[in-house]
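A look at the structure
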Amino acid sequence: MSKIVKETENILKEKITNAILSAVDAGELSQGEIPQFIIERPSNKANGDYSSNAAMAGAKAFKKAPRMIAQSIADHIDLSGTLFERVEIAGPGFLNFFLSQEYYSEILKDVFACGEDYGKSDYGEGKKVLVEFVSANPTGPMHIGNARGGAIGDCLASVLDWAGFDVSREFYVNDAGNQVEKFATSLEVRYLQHFKDDIEMPEDAYHGADITEHAENFISEYGDKYVEAPSEERRKALVDFALPKNIAGLERDLGRYRITYDKWFRESTLHNDGSVEKVIEVLKDKGVTYEQDGALWFKASEFGNDKDIVLIRANGLPTYIVPDIAYHYNKLVTRGYDKAIDVLGADHHGYVPRMKAALTALGLDADRLDAVIMQMVRLVRDGETIKLSKRSGKAITLNTLIDEVPLDAARFFFNLREPNSHFDFDLELAAKQSSENPVYYVQYAHARICSIIKKAQEQNVELRTPADDELLLLCSDEEKELIRHLSSLTGEIVSSAKAYDPAKITHYVVELATLFHKFYNAQRVMCDDEGLMQARLYLCRAVKDTIRNILTMLKITTPEVM
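Definitions and limits used
Residues numbered from 1 in each chain as written. Predicted model: local features only at pLDDT ≥ 70, side-chain atom pairs only at ≥ 80, totals over all residues. Heavy atoms only, no water. Helix = DSSP H or I, 4+ residues; strand = E, 2+ residues; numbered from the N terminus. Buried < 20%, exposed > 50% of the residue type's maximum accessible area, 1.4 Å probe, protein only. Contact = heavy atoms within 4.5 Å. Areas by Shrake-Rupley, 256 points an atom, 1.4 Å probe, with all protein chains shown as cover. Lys, Arg positive; Asp, Glu negative; His and termini not counted. Charge placed at Lys NZ, Arg CZ, Asp CG, Glu CD. Phe/Tyr/Trp six-rings, centres within 6.5 Å; stacked < 30°, edge-to-face > 60°. Pairing = 2+ DSSP bridges. Axes fitted to C-alpha atoms, helices over the stretch in contact; angles between N-to-C directions. Parallel < 35°, antiparallel > 145°, perpendicular 65-115°, else oblique. Left-handed = near helix turned anticlockwise from the far one by under 90°. Nonpolar A, V, L, I, M, F, W, Y, C, P; charged D, E, K, R; others polar. Polar contact = N/O pair within 3.5 Å; in protein donor to acceptor, adjacent residues only side chain to side chain.

Another aspect to go through is the overall build of the protein. A tally of helices and strands in the protein yields 22 helices and 15 strands. Judged by the C-alpha coordinates and their principal axes, the protein covers about 95 × 65 × 40 Å. Of all 562 residues assigned to the protein, the portion counted as buried reaches 51%. Considering only contacts in the protein between residues 6 or more positions apart, those separated by 24 or more positions represent 71%. Accessible surface for the protein amounts to roughly 25600 Å². Of this, 47% is attributable to carbon and sulfur atoms. In the protein, 66 side chains carry a positive charge and 88 a negative one; their mean positions are 1 Å apart.

In structure tokens form, the structure reads like this:
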């Protein structure tokens, strides 16, 4: 949280503790261990700026009614030299504290002192966190779910970074396994169909136009060279031709979406370097596997999963879960990340307990793996849901989405709801340039402040740091409410990091824009009182810089003119 906010809360806790000790020394409270109590910000501002339950928490220890304890604390508390002006007792014994006008001045100074770092904290203590997100199969273009996963994962990584973690972004490339075999089948059929009439595409293959395009491009380069070649040779040639193009396309499209990964980790490396076999051997050595019906099973039910899991099929091939176990072992052991966070689709609910069971069996703390389960997206136009069909190749891709919707809107909209909620993406609203569009509304607040500053400079107003007595003039309800919201940014970022929910930050900045517009409509910035004008310009600049910090963190532009 803000340095001023953190110091203020620490001082308040110390003052309450000292007041309890003074009341004990005076004989008003009995000797005993000081109880644990909390300090929080009430949602209703009539209950003060801060509230504490210290009196209720001490009822048992002090053998008194909470309200009597609260009165003793209030009588002995010394608020001199703090940013608090008074304390009141409410209800059964809540202690409500009210901040002085000086507090609001100190918050604005803190915004300017921190500059581009305002909002950052050391909460994460530099712990290494790997956020893996999107990780779409490289067998076709990314769909609308990947668009949401990309925005959520990228913004979550930014939030964690601002909260003080050492964050890396990673894309896991599934370039081995069943999906690549299906990719090979689909390419092979389209290739052979060009030369033969009696070949049909399997129902469960990939039917998208991208498969046909790959096959035709392959023919342009190699012609009929592989028509009579052995199937294995033909399939390998087709995959070696098409898969790198798809992976390059994923990287290009995600780059266009303003997502840059620290690492593209290929599944094939786990097969090639022996990591997959090593995981199997470790599980065997730990006695957590058994053979049944020719297959090798993992005793996952002994580690919290609802049933055991096949590791090696009767045909000798590993199931998909084995390289995934090896991959997470690589994250947490080989590369030593303190925490691995996977952003996954709604169909992965069962995946997480299976993976945690395997990590536990391998001797790791399964709590080092966390997952953000992301629900489905519905695209809406004219109030109607757009029907999608991935199999037929008519799904809306990431590229077609950002061809239609501004990038800023796409990234902002996908973070408007917490990940585990279903989301209707309104294509018309996302493209609309009006206050109904939340990202436009926030950007307009930034541009409006830029316009205010420009007009002030055109009137030869010197933008300066106001004197302390000038800052104390910011005492209207609208000004105090706006500054109070500014003060909560760092705490909101920490809360967002704890919950793995970047939507908290989009909500915060929308509320900040709302409070600014409310202030601007109620109070005249360019007023006749020069001191008050300077204070209000200072407040405007603090809001502008904070909006800039947040939108920059979310990789959204901050236009100065709209």
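Turning our eyes to something else, we now look at the packing of aromatic side chains. One pass over the structure, following the stated rule, counts 28 aromatic pairs. Here the aromatic rings of Y261 and W264 are separated by 5.3 Å at their centres, their planes lie at 75 degrees, and the arrangement is edge-to-face. An angle of 5 degrees between the planes, with centres 6.5 Å apart, marks the rings of Y440 and Y444 as stacked. Pair noted here: Y440 and Y444 are both in helix α17 (residues 438-458), with a separation of four residues, about one helical turn. Exposure remark for Y444: the relative accessible area of 34% places this residue in the partly exposed category. Taken together, Y191, F195, F218, Y222, Y226 and F241 form an aromatic cluster joined through their ring pairs.

Quick look at the sheet that holds strand β10 (residues 309-312) now. Sheet architecture is open: three strands sit in the order β8-β9-β10, paired in antiparallel fashion. With one partner strand each, in any of the chains shown, β8 (289-292) and β10 form the two edges of the open sheet. Averaged over all adjacent pairs, the angle separating strand axes in this sheet is 40 degrees, with direction ignored. Here three bridges tie strand β9 (residues 295-298) to β10, and the two strands are oriented antiparallel to one another. By the bridge assignment, L296 is partnered in β10 with I312.

Let us now look at the packing of helix α19 (residues 477-487) against helix α21 (residues 503-522). Interaxial distance between α19 and α21 falls to 9 Å at its minimum, and their mutual angle equals 160 degrees. With respect to α21, the axis of α19 lies roughly antiparallel. The way α19 lies across α21 gives a crossing that is left-handed. Contacts from E478, E479, E481, L482, H485 and L486 of α19 reach α21 at Y508, E511, L512, L515, F516, K518, F519 and A522. Tallied by class, residues from the contact of α19 with α21 come to eight nonpolar, one polar and five charged.

On to the pairing of strand β4 (residues 94-99). Burial analysis of β4 places five of its six residues in the buried class, the great majority of the element. The pairing of strand β2 (residues 50-52) with β4 spans three bridges and is classified as antiparallel. Residue pairing in the sheet places S51 in a bridge with N96 of β4. In this structure, strand β3 (residues 84-90) lies alongside β4, joined through six bridges in antiparallel fashion. When the bridges of β4 are listed, R86 appears paired with F98. The hairpin formed by β3 and β4 contains three residues between the paired strands, and G91 there has a positive phi angle of roughly 55 degrees.

Inspection of the secondary structure puts N305 in the loop between β9 and β10. Separated by 2.7 Å, the side chain of N305 and the backbone oxygen of K307 make a polar contact. Residue contacts for N305: discarding those within four places in its chain leaves A300, P353, R354 and A357.

It is worth spelling out the side chain of S52 at this point. By the element assignment, S52 lies in strand β2. In this structure S52 comes out as buried when scored by relative accessible area, which is 1%. A polar contact is formed between the side chain of S52 and the backbone oxygen of I38, at a distance of 3.1 Å. S52 has contacts with I16, F37, I38, I39, F94, L95 and F97, leaving out every residue within four places of it along the chain.

Looking at where A61 falls in the secondary structure, it is placed in helix α3 (residues 59-62). Put simply, A61 and G32 are 29 residues apart on the chain and 6.2 Å apart in space, counted from C-alpha to C-alpha. With near-sequence residues (within four places) excluded, A61 lies in contact with S30 and E33.

So, about the environment of E14. One can find E14 in helix α1 (residues 3-25). According to the relative accessible area criterion, E14 is partly exposed, its value standing at 49%. The spacing of E14 and A237 is 223 residues in sequence and 71 Å in space, taken between C-alpha atoms.

The next subject is the sheet that holds strand β14 (residues 384-385). Strands sit in the order β14-β13-β15 across an open sheet of three strands; the sheet is mixed. The sheet is open, and its two edges are formed by β14 and β15 (423-426), each paired on a single side. Across four bridges, the pairing between strand β13 (residues 377-381) and β15 is parallel. From the neighbouring strand, V377 faces β15, where its bridge partner is F423.

For any two helices packed against each other, the geometry is given by the interaxial angle and the distance between the axes. Packing of α19 against helix α22 (residues 530-553) brings their axes to within 11 Å, and their N-to-C directions diverge by 35 degrees. In the packing of α19 onto α22, the handedness of the crossing is left-handed. Contacts between α19 and α22 involve E479, L482, I483 and L486 from the former and R536, L539, A542, V543 and T546 from the latter. Of the residues assigned to the contact of α19 with α22, the class counts are six nonpolar, one polar and two charged.

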